[in-house]
Amino acid sequence: MNSPRYLNLFKIALPIPGISSIMHRISAVAIFVLSLPMMWVLVFSLSSEANYQIIISLFENFFLKSLFSLFITAIFYHFVSGLRHLVMDFGYWETLRAGRMSALATFVSSGIFFFSFIFLTW
Amino acid sequence: MVTKLYKLKKTGIFDYVFVRITAVIQAVYFSVITFYWLVNKDFKYEQLSGFFDILIIEIFTVIVAISIAYHSVQGIWNVATDYLTQAQIGASAKLLRPAVIGFSWLQALGLIICSFYILG
């Protein structure tokens, strides 16, 4: 307890790997909160073709469609960032240079994913 | 790298390893779904219900739901015990932390129950 403590996350200038790590957690919480509603959407849309059409027309709404795209991107980010953490668990990419590069790669690939998802669904 | 899996209790190594195993299960599942979505250019109700009529996929969905349940309970516990502490947010942590962890258990249970609707 004698060590200096300054854990206000909003005032610490995080390095890129740190941003990647905290984004992993933020995306995790976002996915977690929406997981059960999305599971319900899947079960509901599977129950009959009419219900499927209801869900389809519901997601034509600009706000919901944007939210859903962000949700899918959050899943993709969590996926890629998780793979990065998994690689590091096995002892690779642990240098500063590799950590920065792979963290940057998670952001770039998520950006590419977001725009290709928008391109494919809109 | 962690190799001492045999110390199951106390150390949390079982949790450490199992969080990663469940993560890989989900990664495979969502890769399969994304691949199926990409190869079906004209995606309609038939494609969706046809996909979830395949028995292996249905069983896989239940396994993945259990995986997500475990993974999210562990993850939310990690996040909650890091940030929802008395040092971070004060006395409200005493109530908020168990509430969030309890909610994660409920939601995890709900996911597993929902997955059985897809199976049945």
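Our structure is the block above this text.
Thresholds applied
Residues numbered from 1 in each chain as written. Chains lettered and ligands numbered in written order. Predicted model: local features only at pLDDT ≥ 70, side-chain atom pairs only at ≥ 80, totals over all residues. Helix = DSSP H or I, 4+ residues; strand = E, 2+ residues; numbered from the N terminus. Rg over C-alpha atoms; globule rule 2.2 N^0.38 Å. Buried ≥ 20, exposed ≤ 12 C-beta atoms within 10 Å, placed from the backbone. Contact = placed C-beta atoms within 7 Å. Nonpolar A, V, L, I, M, F, W, Y, C, P; charged D, E, K, R; others polar. Core = buried A, V, L, I, M, F, W, Y, C linked by C-beta atoms within 7 Å.

## Some words on the overall build of chain A
- Tallying secondary structure elements over chain A gives four helices and zero strands in all.
- A globule of 122 residues ought to have a C-alpha radius of gyration of about 14 Å, yet chain A, at 18 Å, is considerably larger.
- Here chain A, with 122 residues, has 19% of them falling under the buried criterion.
- Restricting to contacts in chain A with at least 6 residues of sequence separation, those with at least 24 account for 70%.

## Quick look at the interface of chain A and chain B
- In this complex, chain A contributes 20 residues to the contact, which on the side of chain B involves 20 residues.
- With 11 residues, the top contributor of residues to the side of chain A that touches chain B is helix 1 (residues 16-47) of chain A.
- A breakdown of the residues in the side of chain A that touches chain B according to their chemical character gives 13 nonpolar, four polar and three charged.

## Some points on the nonpolar core
- Of all hydrophobic cores here, the largest spans 12 residues; its members are Ala 28, Ile 31, Phe 32, Ala 74, Ile 75, Phe 76, Tyr 77, Phe 79 and Val 80 of chain A together with Ile 76, Ala 80 and Leu 84 of chain B.
- Sorting the residues of this core by element identifies helix 1 and helix 3 (62-89) of chain A together with helix 3 (55-83) of chain B as the ones contributing at least two each.
- Not counting residues within four places of it along the chain, the set of residues in contact with Ala 28 of chain A comprises His 78 of chain A together with Gly 75 of chain B.
- Counting eight residues, the second largest nonpolar core, distinct from the first, contains Ile 68, Ala 69, Ala 108 and Cys 114 of chain B.

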